[in-house]
Amino acid sequence: MDRPLVEGVLARSREQVCCSYNTVKTMLPILSWLPRYNLRWLQMDLIAGLTVGLTTVPQALAYAEVAGLPVQYGLYSAFMGGFIYTFLGTSKDVTLGPTAIMSLLCSSVVGGQPNRAVLLSLLCGVIQAAMALLRLGFLLDFISFPVIKGFTCAAAVTIGFGQVKNILGLKGVPQEFFLQVYYTFSRIPEARTGDVVLGLLCLAVLVMLTLMKTSLGPASEDSPAYSRVARGVVWGAATVRNALVVVAASCIALSWDAYGYHIFTITGKTSAGLPPFRPPPTSDTMGNGTVITFGEIVEGFGGGLAVIPFMGLLESVAIAKAFASQNDYRINGNQELFAIGLTNIMGSFVSAYPVTGSFGRTAVNSQTGVCTPAGGIITSVIVLLSLAFLMPVFYYIPKASLAAVIICAVAPMVDYRIVAKMWRVRKPDLLPFSVTFLLSFWAVQYGIIGGVAVSGLMLLYNIARPKLKVFDHDVLVMELGSGLSFPATEYLSSIIHTQALQASPPRSVVLDCHHVSTIDYTVVSELRDLLRQCKLRGVSLVFSRLQLPILEVLHAADLPGLKYTDSVEVALQIVSSDSLDD
């Protein structure tokens, strides 16, 4: 008698354990691939991690310049993501770290103040992690593609032009875009010859290596060994081109400096060693001794505190989805949000500024055949080794070489073809694109907010003015093109009144509702009034092809005189018979 009971208890116990383990696997995706980890995966992850690491170090140094921070802050921000994402990430390809867009946003909000940049990372991480825990990832869907494209194009122009001053060797140029353009051009006669020559040379080499890599065809097993080796050398050199250019430029600067010729603007002294692990500062002290409180700092962040977390999530999730589709696997959106949020929270304890997924480094990661997120650990170790041992060497990195790296990194983001595509596909989408693009030159956060606002207004207009097709069969047949929500009630009512009820004589109406999938109480109340108005004028209002959920709502509302049919033809017959009866 007791055995079935015991078996049932054991079965439920096993089921609970299984469910608990699945829950843990969802929260810690590393458990889904770590038990299957093998030597081949380790080999591929080592190659990918090393390659991405050699790309990350020069880019991190360069992006710190974009953020207006000392170059070591780029490296401080580049290693935490590799460790966190290995445990929490659901994409094998994504690499987290500083990016051009996040650096620009950070610069616009914190104004090159390191303590505030670190605090911003903490607050962004808290917001992002909270969004993940509350399953609010759907809010990202309200940022439309034209807004994203408008922002990225404007950001690329802003970032790229912002580096022209470093190519020219100019100092004291304002950060505000329009002033930057004016002062850069007006001070061209002050350009330093050494910086200009070195900067243009670095740009030429980077462009040449990029073109060489894109011109490489697919590897062929039938090609001779020397051909495969040559292809591998070209591909490898082009992949780590940023590191090669920065190292070569540093050697040139060091050589000239050794002979007493200081013709290049160099990075200068940087803080050596690993960053201390400590809580992020919650206050700041100005040069004159004035203490800025936590509340005042947060107030100073303004709209950037909303824009930066959203853009970080949007950029990283979009990259993860793109590479998941390309490599045939799936990601968990909310888990990605949590991974980014925790990376920014933990990063703030090692003096990092906000980070997100990098498209360029993720592409390198994927192309080198990474098998698991563990490749990020190798990348992070390379960054840590650079911080521990190479910081004195970074003293001689010319700013012109870092500027060349940034310009080549952001140039592909300027997608001029998108304007022609939008004009051809749907012209109204050019409005949010243009608003975002133009406002971003004033302030990047205003560009995003303005673009989202315009997109939202366009969305609300489509809801308030649903498409209606009107057919005249002696009876007015109106085909509704979408759902009916409360903003559309007045529009629908006015059309029925002007074209049917106020006509002479009044006309009956057939509402073809086969496209209507949503309806609310305001619409139901208006339909009740329309049915009453039709009855007073001796005409009919008949509903046709109602979907079952809509029909259930109308029945629940108990509308007097409600008539509905399965087809427009039957509705017209009912209206005709009603007219004969009258």
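For the structure, see preceding data.
One numbering rule holds for all chains: residues counted from 1, following each sequence as written. For a predicted model such as this one, the threshold for reporting local features is a pLDDT of at least 70, and the threshold for listing and counting side-chain atom pairs is 80 or more; totals across whole chains, interfaces and linings nevertheless cover every residue. Working from all heavy atoms in the structure, the side-chain values ignore hydrogens and water.

K.L.:
Please clarify how the overall build of the protein should be interpreted in this entry.
P.N.:
Helix and strand counts for the protein come out as 26 helices and nine strands. Seen through its C-alpha atoms, the protein measures out along the principal axes to roughly 110 × 85 × 65 Å. Burial statistics for the protein: of 582 residues in total, 48% are counted as buried. Of all intrachain contacts in the protein linking residues separated by at least 6 positions in sequence, the fraction that spans at least 24 positions is 78%. Per-residue and other accessible areas were derived by the Shrake-Rupley procedure at a 1.4 Å probe size, with only the shown protein chains allowed to occlude residues. Accessible area for the protein stands at about 28,500 Å²; split by element, carbon and sulfur atoms hold 64% of it. Secondary structure elements are taken from DSSP: a helix is a run of H or I of four residues or more, a strand is a run of E of two residues or more, and numbering for both begins at the N terminus. A 1.4 Å probe rolled over the protein chains alone gives each residue an accessible area, and that area as a share of the maximum for its type sets the label: buried under 20%, exposed over 50%, partly exposed in between. The criterion used for residue contact is that any of the two residues' heavy atoms lie within 4.5 Å.

K.L.:
Which parts of the structure should I look at to understand the pairing of strand E5 (residues 468-472)?
P.N.:
In the case of a regular strand, side chains alternate between the two sheet surfaces. Strands qualify as paired when DSSP identifies two bridges or more between them. Sheet topology note: the E5/strand E6 (residues 476-480) ladder contains five bridges and is antiparallel. The partner of Asp472 across the bridge, within E6, is Leu476.

K.L.:
In this structure, what is going on with the sheet that holds strand E9 (residues 564-565)? I would like to understand it.
P.N.:
Note on sheets: strands pair through backbone hydrogen bonds, and any given pair is parallel or antiparallel. Spatially, five strands are ordered E5-E6-E7-E8-E9 in an open sheet, and the strand pairing comes out mixed. Sheet topology places E5 and E9 at the edges, where each strand pairs with a single neighbour. Pairing geometry for strand E7 (residues 509-512) and strand E8 (residues 541-544), over four bridges, is parallel. By the bridge assignment for E8, Val510 is matched with Val542. Where helix H24 (residues 521-537) meets the sheet, its contacts fall on E7 and E8, and the angle it forms with E8 comes to roughly 135°. Simply put, an axis is a line fit to the C-alpha atoms, just over the touching stretch for a helix, and the angle between two N-to-C directions goes from 0 to 180 degrees.

K.L.:
Which parts of the structure should I look at to understand helix H8 (residues 145-162)?
P.N.:
Within an α-helix, residues lying three or four positions from one another point in the same direction, as the helix has 3.6 residues per turn. Taking 1.5 Å per residue as the helical rise, H8 with its 18 residues ought to reach 26 Å, and the 25 Å between its terminal C-alpha atoms agrees with that figure. Most of H8 sits inside the fold, with 15 of its 18 residues counted as buried. Each helix should span, by expectation, one fewer than its residue count multiplied by 1.5 Å.

K.L.:
Mind showing me how you'd approach the packing of aromatic side chains here?
P.N.:
Within a pair of aromatic rings, the relevant descriptors are the distance that separates the centres and the angle that separates the planes. Here a Phe, Tyr or Trp ring, Trp counted by its six-membered ring, pairs with any other such ring whose centre lies within 6.5 Å, and the pair is stacked when the planes are under 30 degrees apart, edge-to-face when over 60, and tilted otherwise. Within the structure shown, the criterion is met by 14 aromatic pairs. Arranged with centres 5.7 Å apart and planes meeting at 40°, the rings of Phe161 and Phe185 form a pair that is tilted. Of this pair, Phe161 sits in helix H8 while Phe185 sits in helix H10 (residues 177-186), and the two are 24 residues apart along the sequence. On the basis of relative accessible area, Phe161 is assigned to the buried category, the value being 17%. When its relative accessible area of 51% is taken as the criterion, Phe185 is described as exposed. Ring pairs connect the aromatic residues Phe161, Phe177, Phe178, Phe185, Phe433, Phe437 and Phe441, which therefore count as one cluster. The cationic tip of Lys427 hangs over the ring face of Trp423; the distance from NZ or CZ to the ring centre is 4.9 Å. Here, over-ring charges are defined by two tests on the NZ atom of lysine or the CZ atom of arginine: distance to the ring centre within 6 Å, and angle to the ring normal within 35 degrees.

K.L.:
I'm lost on the state of the cysteines in this one. Help?
P.N.:
As used in these notes, a disulfide is a covalent bond between sulfur atoms, one from each of two cysteines. Cysteine sulfur atoms are paired as a disulfide whenever they fall within 2.5 Å. The tally for this structure, following the rule as stated, stands at zero disulfides. The structure places no disulfide on Cys408, whose sulfur is separated from the nearest cysteine sulfur, that of Cys202, by 9.3 Å. With relative accessibility at 24%, the residue Cys408 sits in the partly exposed group. Cysteine Cys534 shares no disulfide, and the gap to the nearest cysteine sulfur, in Cys513, comes to 13 Å.

K.L.:
Explain a nonpolar patch on the surface here, please?
P.N.:
A surface patch of nonpolar side chains, amounting to about 600 Å² of accessible area, comprises Phe138, Phe142, Leu457, Leu459, Leu460 and Ile463. Here Leu457 is to be found in helix H22 (residues 444-464). For patch building, the residue pool is restricted to those with more than 30% relative accessible area and no salt bridge; the joining distance is 9 Å between like charges and 5 Å between nonpolar side chains (Val, Leu, Ile, Met, Phe, Trp, Tyr). Think of a salt bridge as a Lys or Arg side-chain nitrogen and an Asp or Glu carboxyl oxygen that are within 4 Å of each other.

K.L.:
Is there a simple way to think about the pairing of E6 in this case?
P.N.:
Most of E6 is tucked away: five of the five residues are buried. The side-chain alternation of E6 yields two buried faces, one formed by Leu476, Met478 and Leu480 and the other by Val477 and Glu479. As judged from the four bridges shared by E6 and E7, these two strands associate in the parallel manner. Each residue of the ladder has a partner; that of Met478, found in E7, is Leu511. As a crossover connection, the stretch from E6 through helix H23 (residues 489-501) into E7 is right-handed. Think of it like this: strands point away, you trace from the first strand over the helix to the second, and a clockwise trace means the crossover is right-handed.

K.L.:
Teacher, can you tell me more about the packing of helix H7 (residues 114-133) against helix H16 (residues 333-347) here?
P.N.:
Each packed pair of helices is defined by two parameters, the angle between the axes and the distance between the axes. The interhelical angle for the contact between H7 and H16, taken along N-to-C directions, is 155°, at an axis separation of 7 Å. Judged by the inter-axis angle, H7 sits roughly antiparallel to H16. When you trace H7 past H16, the crossing you get is left-handed. Across from Ser121, Leu122, Gly125, Val126, Gln128, Ala129, Met131, Ala132 and Leu133 in H7, the residues of H16 making contact are Asn334, Leu337, Phe338, Ile340, Gly341, Asn344 and Ile345. By definition in this entry, angles of less than 35 degrees are roughly parallel, angles greater than 145 are roughly antiparallel, angles of 65 to 115 are roughly perpendicular, and the rest are oblique. Each helix crossing is assigned a hand: it is left-handed if the near helix lies turned anticlockwise from the far helix by less than a right angle, otherwise right-handed if that turn is clockwise.

K.L.:
Can you help me understand the layout of surface pockets in this one?
P.N.:
Using a grid of 1 Å spacing that covers the protein atoms alone, one calls a set of points a cavity when a 1.4 Å probe fits there but cannot get out, and a pocket when the set is open and has protein on both sides within 12 Å along at least five of seven lines; lining residues are those with an atom within 4 Å of a point. Grid points are joined across faces, edges and corners, and a volume is the space filled by probe spheres set on the points. By volume, the largest pocket is sized at about 1,600 Å³. Around the largest pocket, the lining is made up of 49 residues, and of these Ile319, Ser358, Phe359, Gly360 and Met413 lie nearest the centre. Per-element tally for the lining of the largest pocket: the top contributor is helix H15 (residues 304-327), with eight residues. The nonpolar class holds Ala, Val, Leu, Ile, Met, Phe, Trp, Tyr, Cys and Pro. Asp, Glu, Lys and Arg form the charged class, and all remaining residues, Gly among them, are polar. Per-class residue counts for the lining of the largest pocket are 28 nonpolar, 14 polar and seven charged.

K.L.:
Which parts of the structure should I look at to understand empty space enclosed by the protein?
P.N.:
Summary: where empty space remains is shown by rolling a probe the size of a single water molecule over the atoms. Under the criterion given, the structure shown has three cavities of 30 Å³ or more. Size it by volume and the largest cavity reaches roughly 130 Å³. Lining the largest cavity are 18 residues, with Gly82, Val94, Thr95, Leu96 and Gly376 sitting closest to its centre. Residue assignment for the lining of the largest cavity shows that the elements contributing at least two residues are helix H3 (39-66), helix H5 (80-88), helix H17 (359-367) and helix H18 (375-390). Tallied by class, residues from the lining of the largest cavity come to six nonpolar, ten polar and two charged. Looking at the second largest cavity, its volume works out to about 50 Å³. Lining of the second largest cavity is provided by Leu480, Leu484, Leu511, Cys513, Val516, Ile519, Leu527, Phe543, Leu546, Ile550 and Leu554. Of the residues that constitute the lining of the second largest cavity, the class distribution is eleven nonpolar, no polar and no charged.

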